[in-house]
Amino acid sequence: MDSSGGYTVNEQVEQLERHIAGYAATRTGRLVALTLSLPASFPVKEIVALLKRRLARDGTPGVDIRTVAGEGPPRMLAAEFER
């Protein structure tokens, strides 16, 4: 099994989305920014665009998404909320 746990890129992005949604649901204020760690092998621009579309569709438009290259599966490093 590789560092991604054997999941496809799409499956990993969906898991990341669920994590972000679950985290945001426990916080006060509107989600305004995310910092994500994504493997260098991922199509970063496409994933950021997809996440922005899905967040907007789910009621959180305009989230600023920053990325850093990282090892292993994608993960959320930081989230900022507007009060």
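In what follows, the structure referred to is the one given above.
Model, not experiment: these values are computed from the prediction. (Residues numbered from 1 in each chain as written. Predicted model: local features only at pLDDT ≥ 70, side-chain atom pairs only at ≥ 80, totals over all residues. Heavy atoms only, no water.)

(A) Up close: helix H1 (residues 9-25). Under the 1.5 Å per step criterion, the end-to-end length of H1 is 24 Å for 17 residues, consistent within 8% with the ideal 24 Å. Those residues of H1 not exposed but buried are Gln12, Val13, Leu16, Glu17 and Ile20. Looking down the long axis of H1, one finds its buried residues gathered within 145° of arc, a one-sided arrangement. Facing away from the buried side of H1, by more than 90 degrees, are the exposed residues Arg18 and Ala25. (Helix = DSSP H or I, 4+ residues; strand = E, 2+ residues; numbered from the N terminus. Expected span 1.5 Å × (residues − 1). Buried < 20%, exposed > 50% of the residue type's maximum accessible area, 1.4 Å probe, protein only. Arc of directions from axis to C-beta.)

(B) Highlighting the packing of aromatic side chains. Within this structure, the stated rule accounts for one aromatic pair. An angle of 40° between the planes, with centres 6.1 Å apart, marks the rings of Tyr23 and Phe81 as tilted. Linking Tyr23 in helix H1 with Phe81 in strand S3 (residues 75-82), this pair joins segments that are 58 residues apart in sequence. In this structure Phe81 comes out as partly exposed when scored by relative accessible area, which is 22%. (Phe/Tyr/Trp six-rings, centres within 6.5 Å; stacked < 30°, edge-to-face > 60°.)

(C) Molecular detail of the environment of Ala69. Within the secondary structure layout, Ala69 lies in strand S2 (residues 64-69). Along the sequence, Ala69 and Ser41 sit 28 residues apart, while their C-alpha atoms lie 9.1 Å from each other. Discounting residues that sit within four places of it in the chain, Ala69 has contacts with Ser37 and Leu38. (Contact = heavy atoms within 4.5 Å.)

(D) The pattern of salt bridges, seen in detail. The final tally for this structure, using the stated rule, is five salt bridges. Its salt-bridge partner being Glu82, residue Arg30 comes within 3.8 Å of it at the nearest N-O pair. Linking Arg30 in strand S1 (residues 30-38) with Glu82 in strand S3, this pair joins segments that are 52 residues apart in sequence. Owing to a relative accessible area of 35%, Arg30 belongs among the partly exposed residues under this scheme. (Salt bridge = Lys/Arg side-chain N within 4 Å of Asp/Glu carboxyl O.)

(E) Representation of the packing of H1 against helix H2 (residues 44-57) within the structure. Packing of H1 against H2 brings their axes to within 11 Å, and their N-to-C directions diverge by 40°. Taken together, H1 and H2 sit at an angle that is classed as oblique. Crossing of H1 against H2: the hand is right-handed. Packed against H1, whose contacting residues are Val9, Asn10, Val13, Glu14, Leu16, Glu17 and Ile20, the element H2 presents Ile47, Leu50, Leu51, Arg54 and Leu55 at the interface. Within the contact of H1 with H2, the residues separate by chemical class into eight nonpolar, one polar and three charged. (Axes fitted to C-alpha atoms, helices over the stretch in contact; angles between N-to-C directions. Parallel < 35°, antiparallel > 145°, perpendicular 65-115°, else oblique. Left-handed = near helix turned anticlockwise from the far one by under 90°. Nonpolar A, V, L, I, M, F, W, Y, C, P; charged D, E, K, R; others polar.)

(F) Just the nonpolar core, in detail. Counting residues in each nonpolar core, the largest one holds 16 residues, and the members touching the most others are Leu16, Ile20, Leu34, Leu36, Leu51, Leu55 and Ile65. Broken down by secondary-structure element, the contributors of at least two residues to this core are H1, S1 and H2. Here this core takes five residues from H2, the largest share from any one element. Excluding anything up to four places from it in sequence, Ile20 contacts Leu31, Leu34, Leu36, Leu55 and Met76. (Core = buried A, V, L, I, M, F, W, Y, C linked by side-chain atoms within 4.5 Å.)

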